[in-house]
Amino acid sequence: MAKKKKQEDAPQGSPAWMATFSDLMNLLLCFFVLLFSMSSVDEAKAEALIKSLANTFSIFSGGGSSFQEGALISNGANQLSQLDEYFMTMGQTSEGENERNPNDSTNGGDSDDNQDPGADVTPAPSGTPTPTPDPSELKDFAENKEQTGLLYDEVLGMADKYNLGDYLEVGVDAEYYHYIQIEISGAVLFGSGEAELKEDAKPIISRIGDILKQYSGYKIEIIGHTDNVPQTNTKKFKNNRHLSAARALSVADYLIDEKKIDERNIEFTGKGEQEPIASNETEEGRAKNRRVEIRLYNLKNSEN
């Protein structure tokens, strides 16, 4: 009878392939640690990205809510554009340093060893509190922006309807949203050194008047501007300020006399050469500076 072969015992320890695999994992770990150690984050770009995302997507549509001492959020992104600065300065004193926790070990000693467990904790002085947006100011700003935005869309639409696009530009008071502005080139309206409307300019002002008549009771401000070429005493006007004021008055008179707009709603002034929008060093720049601006205020800012 054949002898049964003795079964061999399994080798001691882990299989040989596991040692190779472990070495591979260690090498990969070292590789990624080295990559991380050599990488750098552009803090300015990261902060700009965070602000952009916060201002773009953080829009509340479920009514007003408040945080901390009551900075209200109820009108979408208009208010949220100011919140990134608020969050960046929360918890800072007037010198800009972060307030310290009185229980923090960095304030001297360990909290468990040096503090009586039964003693009251006195908070550190808070300094000047971080200012929060005034809810009433935020509400006024939102109302102005809404009214002026609608006004801009309406006037721009009527300007296209009356084929005025080649003669004027329509803009918005982008700082406070109190008014829209209709800007007309002075060369279109007046001759050189003159304040009397050209005959071919009157139809343009007439169509602008038709637009303004749609807003009875709204405040209208007419502002004349010139370039920096001086007026001499031998001419009709003493200086550019007088000329610009006379041009603004000519436009106002036409709107009042011909278009029957209530003169109580119209104001006019001349700025002369004091508020250029282009360089006076070139003829093209001087032509841009010779202009008349008609500001139509929204209803909120037309109330006396």
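Residues numbered from 1 in each chain as written. Predicted model: local features only at pLDDT ≥ 70, side-chain atom pairs only at ≥ 80, totals over all residues. Heavy atoms only, no water.

### Here's the deal with the side chain of D227
Using the following cut-off: The helix and strand labels rest on DSSP assignments: H or I over at least four residues marks a helix, E over at least two residues marks a strand, and numbering proceeds from the N terminus. Note on definitions: a residue-residue contact is assigned when non-hydrogen atoms from the two residues lie within 4.5 Å.
As for its position among the elements, D227 is in the loop between β3 (220-225) and α9 (240-257). Here D227 is in contact with N240, E273, N280, R286, N289 and R290, once residues within four sequence places are set aside.

### Some details on the pattern of salt bridges
Operational definition: Every case where a carboxyl oxygen of Asp or Glu lies within 4 Å of a side-chain nitrogen of Lys or Arg is listed as a salt bridge. The classification of residues rests on relative accessible area computed with a 1.4 Å probe and restricted to protein chains. Under 20% of the type maximum is buried, over 50% is exposed, and intermediate values are partly exposed.
Scanning the model with the defined rule gives 13 salt bridges in all. The residue K202 makes a salt bridge to E199 at a minimum N-O spacing of 3.0 Å. Between E293 and R291 there is a salt bridge, with the nearest N and O atoms lying 3.0 Å from each other. One exposure class covers both E293 and R291, and it is buried. Within the structure, one salt-bridge network assembled from shared partners comprises D227, E283, R286 and R290.

### Digging into the side chain of H225
By the element assignment, H225 lies in strand β3. Classification of H225 as buried rests on a relative accessible area of 1%.

### Here we look at the sheet that holds strand β5 (residues 291-297)
Which entries qualify depends on this criterion: In this scheme, strands are said to pair when DSSP sees at least two bridges between them. Note on geometry: axes are C-alpha line fits, over the in-contact stretch for helices, and angles between N-to-C directions span 0 to 180 degrees.
As summarised here, the arrangement of the 5 strands in space is β1-β2-β5-β3-β4, forming an open sheet in which the pairing is mixed. Looking along the sheet, the strands with just one partner apiece sit at the ends: β1 (168-172) and β4 (266-270). Adjacent strand axes in the sheet meet at a mean angle of 20° when their direction is disregarded. Sheet contacts for helix α6 (residues 135-161): β1, β2 (179-185) and β5; angle to β1, the most-contacted strand, approximately 170°. In the packing of α9 onto the sheet, the strands contacted are β3, β4 and β5, and the crossing angle to β4 comes to about 160°.

### Details of the packing of helix α8 (residues 202-212) against α9
Spelled out, the test is: Here the angle decides the label: under 35 degrees means roughly parallel, over 145 means roughly antiparallel, 65 to 115 means roughly perpendicular, and every other value means oblique. Crossing chirality is assigned from the near helix's rotation relative to the far helix, an anticlockwise turn below a right angle marking it left-handed and a clockwise turn marking it right-handed. Each residue is assigned to one class: nonpolar for Ala, Val, Leu, Ile, Met, Phe, Trp, Tyr, Cys and Pro, charged for Asp, Glu, Lys and Arg, and polar for all the others, Gly among them.
Across the interface, α8 lies against α9 with an axial gap of 10 Å and an inter-helix angle of 60°. Judged by the angle between their axes, α8 and α9 are oblique. Note that α8 runs across α9; the crossing there is right-handed. Counting all contacts with α8, which are made through K202, I205, S206, G209 and L212, the residues of α9 involved are V251, Y254 and L255. The residue inventory of the contact of α8 with α9, partitioned by class, reads 5 nonpolar, 2 polar and 1 charged.

### So, the environment of A246
For A246, the position within the fold is in helix α9. Expressed as a C-alpha distance, the spacing of A246 and F268, which sit 22 residues apart in the sequence, is 9.3 Å. Excluding residues that lie within four positions of it along the chain, A246 makes contacts with A195 and F237.

### Thoughts on the confidence of the model for the protein chain
Selection rule: Values of pLDDT, the confidence the predictor places in each residue, fall between 0 and 100.
Of the residues in the protein chain, 64% reach a pLDDT of 70 or more, and the chain-wide mean stands at 77. Averaged over each element, pLDDT in the protein chain is lowest for helix α3 (residues 77-80) (39) and highest for β3 (98). Between residues 56-91, whose pLDDT stays under 50, and residues either more than four places distant or in other chains, the model counts 55 contacts. Counted against residues more than four places away or in other chains, residues 117-122, with its pLDDT under 50, gives 4 contacts.

### Some remarks on the layout of surface pockets
Note the threshold: The rule is simple: put a 1 Å grid over the protein atoms alone, call a set of points where a 1.4 Å probe fits but cannot get out a cavity, call an open set with protein on both sides within 12 Å along at least five of seven lines a pocket, and count a residue as lining if it has an atom within 4 Å of a point. Grid points are joined across faces, edges and corners, and a volume is the space filled by probe spheres set on the points.
Estimated volume of the largest pocket: approximately 260 Å³. Every residue lining the largest pocket is counted, 18 residues in all, and those nearest its centre are S192, G193, D227, Q231 and R290. Per element, the largest residue contribution to the lining of the largest pocket is 3 residues, and it comes from α9.

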